[in-house]
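A structural walkthrough
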Amino acid sequence: MINLLSPEELAKLVKRHGFDRYILDLIDVLKEDFSRWNEFDKIPRLAFHVPDGVIELMPIADKKLFSFKYVNGHPKNPLFNKSTVVATGQLSRIEDGFPLMFSGMTIPTALRTAATSALASDLLARKDARTIALIGTGAQSEFQVLAHKVIRDIKTVRYYDIDAKAMNKFANNMRSSDLELIACDSNEEAVKGSDIIIVCTACKQHVDVILNDWVRPGMHINGLGGDCPGKTEVELSVLDRAKIVVEFFDQSLIEGEIQRYSRQKAEKKVYAELWQLITGDKVGREHDQEITLFDSVGFALEDFSILRFTYQLCQKYHIGEFVDIIPPLQDPKDLFSILNV
Ligand code: NAD
């Protein structure tokens, strides 16, 4: 039997476990899996560049489990009242190749991106970080802010989006939090006085959403929207000043902010892959004046972690719909009999 996990069932599961506890436990699972970095078979994701977007496949495996995610990125979709990013994914057993769970991955993508971003901030942002600048208040935004509240005592969010409706939506969704929400009139105003900048805009071109002049010593930046060839958000000179951490160098060089460097320069400039900070192989933030950048593109391991974690919780709470998607055969060689024609 395979577990088919719909967004409604996932919502039930997150509520049952508790949102903060879900994020905290997911961060632990991410740490556990990133610490086993060398046990995974991994490749940069496979991307099909299509007019106005990208469609990608993200496979990964360890000795016991295999997972893949199908995900798109179509920044113009909201103009037609459709999400920019939607996804589906599967977790399978290695021993016989049988699928265990097939899940909608649109919400898990937001959850795992937020948990990974919070994990990176935990390793790279100042311990006394209290103020977030949130640039882009679209689908990912609330997840990002709430995950950061789990790892730092965040008090204030300064936010801006070119779409006033998206800003109102964000404020409305956050109204029951105890955060001070400051709606700003520009990206520059939002960044002013912040400790952690989360930039999650969608536009399939190089846009200087964050300018070098605005970035002060001690700030940490999580750059999420620079995640595809020809799509970046941070002015190049910010990269020159920052300590840069990526998920998987070979993929980030194609898709991340560092795509604007040659391989040779990127090899010199990138300080670490995230797993190296988690294992203690390299130190995260070293002093209060450092500018740090987590150049996130989203890596298959993050989907693997959330699929394996959510699958365990589904079993614990008996959540999901269990379906026989594999033909139930008496004789494994007699597939034709199922058609009954
Ligand atoms: P979304 O379309 O729902 O939201 C993006 C928001 O950015 C929109 O509200 C838009 O109005 C705003 N925006 C665009 N240009 C702007 C600018 N110059 N200044 C301020 N706001 C601007 O998209 P989403 O699902 O929230 O995703 C955001 C980005 O994050 C996308 O680029 C997506 O590809 C990326 N993403 C990355 C990861 C990762 O793992 N790194 C995971 C998921 C999504």
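Note that this is a predicted model, so its numbers are computed, not measured.

What follows covers the pattern of salt bridges. Scanning the entire structure with this criterion turns up 27 salt bridges. Note that D303 and K69 form a salt bridge whose closest N and O atoms lie 3.0 Å from each other. Pair noted here: D303 is in helix α11 (residues 300-317) and K69 is in strand β5 (residues 65-73), with a separation of 234 residues, a long-range link. An identical accessibility class is assigned to D303 and K69; each is buried. Among the salt bridges present, the one from K149 reaches D178, with a minimum N-O distance of 2.7 Å. One end of the pair, K149, is in helix α4 (residues 141-151); the other, D178, is in the loop between α5 (164-173) and β10 (180-183), and 29 residues separate them in sequence.

Turning our attention to the packing of helix α2 (residues 19-35) against α4. Closest axis-to-axis distance for the α2/α4 pair is 10 Å, and the angle between their directions is 75 degrees. With respect to each other, α2 and α4 are oriented roughly perpendicular. On α4, the residues that touch F19, D20, I23, L24 and I27 of α2 are L146, A147, V150 and I151. For the contact of α2 with α4, the class distribution of residues is eight nonpolar, no polar and one charged.

What follows is about α11. Helix length check: α11 (18 residues) gives 26 Å between terminal C-alpha atoms against 26 Å at 1.5 Å per residue, within 8%. Summarising burial for α11: 15 of the 18 residues are buried, a large majority. Positioned one or two residues after α11, H318 has a phi angle of 55 degrees, which is positive.

Bringing the nonpolar core into the picture now. Counting residues in each nonpolar core, the largest one holds 51 residues, and the members touching the most others are L13, Y22, F34 and L301. A per-element tally of this core places α11 first, with ten residues. For L13, the residues in contact, after removing those within four places along its chain, are Y22, T310, L313, C314 and I319. In terms of nonpolar packing, the next biggest core, distinct from the first, is built from 44 residues, M174, C184, I198 and I258 among them.

The full set close to the ligand counts 26 residues, and T84, D161, T201, D227 and K231 are the nearest of them. K231 places a polar side-chain atom, nitrogen or oxygen, 2.7 Å from an oxygen atom of the ligand. The backbone of G298 places a nitrogen or oxygen atom 3.3 Å from an oxygen atom of the ligand. Here the ligand has 860 Å² of accessible area as a free molecule, and 89% of this is covered by the chains.

A word on the packing of helix α1 (residues 7-17) against α2. Direction vectors running N to C along α1 and α2 enclose 95 degrees, while the axes themselves pass 6 Å from each other. As the angle between them shows, α1 and α2 are arranged roughly perpendicular. Facing L10, L13, V14 and H17 of α1, the residues of α2 in contact are F19, R21, Y22 and D25.

As a further point, take the sheet that holds strand β17 (residues 292-295). Spatial ordering of the open sheet is given by β10-β9-β8-β11-β13-β17-β15-β16, a layout of eight strands whose pairing is parallel. With one partner strand each, in any of the chains shown, β10 and β16 (270-273) form the two edges of the open sheet. Taken over all neighbouring pairs, the strand axes of this sheet differ in orientation by 20 degrees on average, direction set aside. Inspection of the sheet shows strand β8 (residues 131-135) paired to strand β11 (residues 196-199) by four bridges, in the parallel sense. Along β11, the bridge assignment pairs A133 with I197.

Thresholds, definitions, all that
- Residues numbered from 1 in each chain as written.
- Predicted model: local features only at pLDDT ≥ 70, side-chain atom pairs only at ≥ 80, totals over all residues.
- Heavy atoms only, no water.
- Salt bridge = Lys/Arg side-chain N within 4 Å of Asp/Glu carboxyl O.
- Helix = DSSP H or I, 4+ residues; strand = E, 2+ residues; numbered from the N terminus.
- Buried < 20%, exposed > 50% of the residue type's maximum accessible area, 1.4 Å probe, protein only.
- Axes fitted to C-alpha atoms, helices over the stretch in contact; angles between N-to-C directions.
- Parallel < 35°, antiparallel > 145°, perpendicular 65-115°, else oblique.
- Contact = heavy atoms within 4.5 Å.
- Nonpolar A, V, L, I, M, F, W, Y, C, P; charged D, E, K, R; others polar.
- Expected span 1.5 Å × (residues − 1).
- Core = buried A, V, L, I, M, F, W, Y, C linked by side-chain atoms within 4.5 Å.
- Near = heavy atom within 4 Å.
- Polar contact = N/O pair within 3.5 Å; in protein donor to acceptor, adjacent residues only side chain to side chain.
- Areas by Shrake-Rupley, 256 points an atom, 1.4 Å probe, with all protein chains shown as cover.
- Pairing = 2+ DSSP bridges.

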